[in-house]
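Letter by letter, the chains look like this.
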Amino acid sequence: MGRINLADSPISEKTRRLLASALVWDDHICMPLRPQDETFLPQLQRAKDSGYDIVSLNIGFDVKPWENAILTAATMRRWIKQRPESYVLIETVADIERSRQEDKLGVVFDMEGGVSLNGHLPMIQLYYDLGVRWMLLAYNLNNSLAGGCLDNNMGLTDFGRQVVREMEQVGMAICCSHVSHQTAMEIMEMAENPVIFSHSNPVGMWDHFRNVQDEAIRACADTGGVIGITGVGDFLGDNEDLAETMARHVDYVVQLVGPDHVGIGSDYTFDHQEVIDFVKDHPESFDPGKWTEGIPIIDVELIPEVADRLSNMNYRDQDIRNILGGNHLRVASQVWK
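Residues numbered from 1 in each chain as written. Predicted model: local features only at pLDDT ≥ 70, side-chain atom pairs only at ≥ 80, totals over all residues. Heavy atoms only, no water.

The next thing to look at is the pairing of strand β1 (residues 25-30). For β1, the tally of buried residues reaches six of six residues, placing the bulk of the element in the interior. Sheet topology places β1 next to strand β2 (residues 54-61); three bridges connect them, and they run parallel. In the strand pairing of β2, Ile29 is matched with Leu57. Between β1 and its parallel partner β2, the chain crosses via helix α2 (residues 44-49), and the hand of that crossover is right-handed. (Buried < 20%, exposed > 50% of the residue type's maximum accessible area, 1.4 Å probe, protein only. Helix = DSSP H or I, 4+ residues; strand = E, 2+ residues; numbered from the N terminus. Pairing = 2+ DSSP bridges. Right-handed = clockwise from strand over helix to strand, strands pointing away.)

Here's what the structure looks like:
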């Protein structure tokens, strides 16, 4: 159930009631990828207090050594399981409703890039068993699976095609965020399940190498998938009012493919300095010249304001509920095993 404890929030009473009745699911937020460091995990309470029901936490991405994903998953699983009064490790769709009924924050995991497979196809089932419910194939740069959005426009490799088929067999959603346009289109052409962009914005609103062309957004919707809009300022374009700009990005995609194919994947990072350092220390993976100093990102506490802005745009309550989490739930019901 929604838990809106934002006494100073400017959202309307109507939006508060709507959030209390909605499944609120952020399909991508980031904890530090340092397995030995649990200091930021208590900040998950901020998501719970902001009305979130489900969050997907990143456990690895291509910039890190592949073993780091397993170590990070082990640390996060242990920490969450030690706090059963507050959190549920989500394994099935039924667990989602159980976590809401028990007023606990449900947690799933995700992975940004196929380097964590270490070239071994059976790793997909292992990560699924650890709680990973979506994976993108390449993070900005080309790898052994697929092309990245910051590299030359390569598509799927033979191994990448095997990965797509294995993910669908296992029940893991295929994500096209961070991959090249060609890779995204090839994935969606061969996909038999809904495909997602877990945390991507439309290039039609702001021209950034990470943003997605209308053609790919339409193709994603044609699979039955969902485009999760991020709150990263560099992908939004206008950082004066991140909630307002994020709502306008949501509206752009809704106008393109309808409200049943849009969700939230804020990309909020609890250790903001880690992101700044990654961009600075790995110029080949991020192109630091294309990032604003400080890298503004919407806070988890502001997602209710995004819902409020949509309400002010005269969105129907049910459409807002679907955008906040209902669409993610539908994809999970169709894809997870």
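Next up on the list: the packing of helix α6 (residues 158-170) against helix α7 (residues 181-190). Across the interface, α6 lies against α7 with an axial gap of 11 Å and an inter-helix angle of 45 degrees. The angle between α6 and α7 falls in the class oblique. The handedness of the crossing between α6 and α7 comes out as right-handed. Contact with α6, carried on its side by Arg161, Val164 and Arg165, involves Glu186, Ile187 and Met190 of α7 and no other residues of that element. The residue inventory of the contact of α6 with α7, partitioned by class, reads three nonpolar, no polar and three charged. (Axes fitted to C-alpha atoms, helices over the stretch in contact; angles between N-to-C directions. Parallel < 35°, antiparallel > 145°, perpendicular 65-115°, else oblique. Left-handed = near helix turned anticlockwise from the far one by under 90°. Contact = heavy atoms within 4.5 Å. Nonpolar A, V, L, I, M, F, W, Y, C, P; charged D, E, K, R; others polar.)

Once that is clear, we can look at the pattern of salt bridges. Applying the stated rule across the entire model yields 19 salt bridges. Taking the shortest distance from any N to any O, the salt bridge between Arg46 and Glu301 comes out at 2.8 Å. Placement of Arg46 in helix α2 and of Glu301 in the loop between α12 (283-286) and α13 (303-312) is noted, with a sequence separation of 255 residues between them. One salt-bridge network, in which partners are shared between bridges, spans Arg34, Asp37, Asp271 and Glu274. (Salt bridge = Lys/Arg side-chain N within 4 Å of Asp/Glu carboxyl O.)

Along the chain, Ser99 falls in helix α4 (residues 93-101). Its relative accessible area of 0% is what places Ser99 among the buried residues. Filtering out sequence-adjacent residues up to four positions away, Ser99 remains in contact with Asp53, Ile54, Val88, Ile90, Lys104 and Gly106.

The next thing to look at is the environment of Ala173. Along the chain, Ala173 falls in strand β6 (residues 173-175). A relative accessible area of 5% places Ala173 in the buried class. Considering only alpha carbons, one finds Ala173 and Ala332, 159 residues apart in sequence, at a separation of 7.8 Å. Once you skip the residues sitting within four places of it in the chain, Ala173 turns out to touch Arg133, Trp134, Met135, Met167, Ile196 and Val335.

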